[in-house]
Amino acid sequence: MKLVIKNKEEIAKSVAQIIVDEVKNNPKCVLGLATGSTPLDTYKKVIEISKLDKVSFKEVTTFNLDEYVGLDEKNDQSYRYFMNENLFKHLDFNRLNHHFPLIDNYEKYDDLILQHGGIDIQILGIGSNGHIAFNEPGTSFESLTHITKLASSTIKDNSRFFNSIDDVPKEAITMGLKSIIQARKIILIATGKNKREAVKKLLSGEIDISCPATILNTSLNEVLVFVDEEALG
Ligand code: PGA
């Protein structure tokens, strides 16, 4: 695992450049994408750099980490809506190449990833409780894509995006920890002091299912962890 300490803006620039370089070198690459506030600046930079450099995303395939149960794609809190607004619609992606884990496909999601040759770069945020995607504390390191209940701390964290805490869905479908760890390159971004506790556990090298992100300490593939000073503590 490689630790990179930069400010928020520099992190976004660096990660965006890694993504764009991958697409330039391998136009048919497979990107694993995350939602939430963490990757927003990175996606803005991806759009900016790709437009400047005239990089085409036509043949890129994307797999998102997760989606809430019960929100349709027109709901502005769904992750399909988020991805479209914050990344997809700004570049020349082919809509047919986007994949999200949903009720009717999640059992085949891991096979689908394999059929596409696996994920080249997986972008990850981290929850204040150490979750990655919606793999909450206690999730098996052997988990594949599955339906899960959100931890109460996650419902509280995510309520800032909804009118009220009661509007936050209680269930989601998420790639599992085993699904995620198979990516050829993993980039985890953690910014802000809310992430300090989880980052500390991850960087301590421990491997503990009470902090799901620590599965990254078992990876034999490339893992880059970008943190800002606030998250580092
Ligand atoms: P955030 O969420 O990017 O909105 O902080 C991260 C996560 O829950 O994985």
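Notes on the structure follow. As the structure is a prediction and not an experimental result, all values here were calculated from the model.

Cut-offs applied
- Residues numbered from 1 in each chain as written.
- Predicted model: local features only at pLDDT ≥ 70, side-chain atom pairs only at ≥ 80, totals over all residues.
- Heavy atoms only, no water.
- Pairing = 2+ DSSP bridges.
- Helix = DSSP H or I, 4+ residues; strand = E, 2+ residues; numbered from the N terminus.
- Axes fitted to C-alpha atoms, helices over the stretch in contact; angles between N-to-C directions.
- Buried < 20%, exposed > 50% of the residue type's maximum accessible area, 1.4 Å probe, protein only.
- Phe/Tyr/Trp six-rings, centres within 6.5 Å; stacked < 30°, edge-to-face > 60°.

Thoughts on the sheet that holds strand S2 (residues 30-33)
Step number 1: In spatial order, the strands read S1-S10-S9-S6-S2-S3-S5; together these 7 strands make up an open sheet with parallel pairing. Edge strands, defined here as strands with exactly one partner in the open sheet, are strand S1 (2-5) and strand S5 (98-99).
Step number 2: Relative to strand S9 (residues 185-190), strand S6 (residues 121-124) runs parallel, the two sharing 4 bridges. Residue pairing in the sheet places glutamine 122 in a bridge with isoleucine 186 of S9.

Observations regarding the sheet that holds strand S8 (residues 171-174)
Step number 1: As summarised here, the arrangement of the 3 strands in space is S4-S8-S7, forming an open sheet in which the pairing is antiparallel. The sheet is open, and its two edges are formed by strand S4 (66-68) and strand S7 (146-149), each paired on a single side. With direction set aside, neighbouring strand axes in the sheet form an average angle of 25°.
Step number 2: Two strands pair when backbone bridges link them, and S4 and S8 are joined in this way by 3 bridges, in the antiparallel orientation. The partner of aspartate 66 across the bridge, within S8, is threonine 174.

Some thoughts on the pairing of S9
Consecutive side chains along a regular strand alternate between the two faces of the sheet.
Step number 1: Taking burial as the measure, the 6 residues of S9 include 6 buried ones, the bulk of the element.
Step number 2: Side chains Lys185, Ile187 and Ile189 of S9 all project onto a buried face; the interleaved residues Ile186, Leu188 and Ala190 project onto the opposite face, where all are buried too.

Structural notes on the packing of aromatic side chains
Step number 1: Inspection of the entire model under this criterion finds 8 aromatic pairs.
Step number 2: Aromatic side chains tyrosine 68 and phenylalanine 162 sit 5.8 Å apart centroid to centroid with 80° between the ring planes, which places their arrangement in the edge-to-face category. Linking tyrosine 68 in strand S4 with phenylalanine 162 in the loop between helix H5 (152-158) and S8, this pair joins segments that are 94 residues apart in sequence.
Step number 3: Overall, the relative accessible area of 4% leaves tyrosine 68 in the buried class.
Step number 4: Classification of phenylalanine 162 by relative accessible area gives buried; the value is 12%.
Step number 5: The structure contains a cluster of three or more aromatic residues connected by ring pairs, namely Phe57, Phe88, Phe93 and Phe100.

That's the geometry; what it means functionally is another story.
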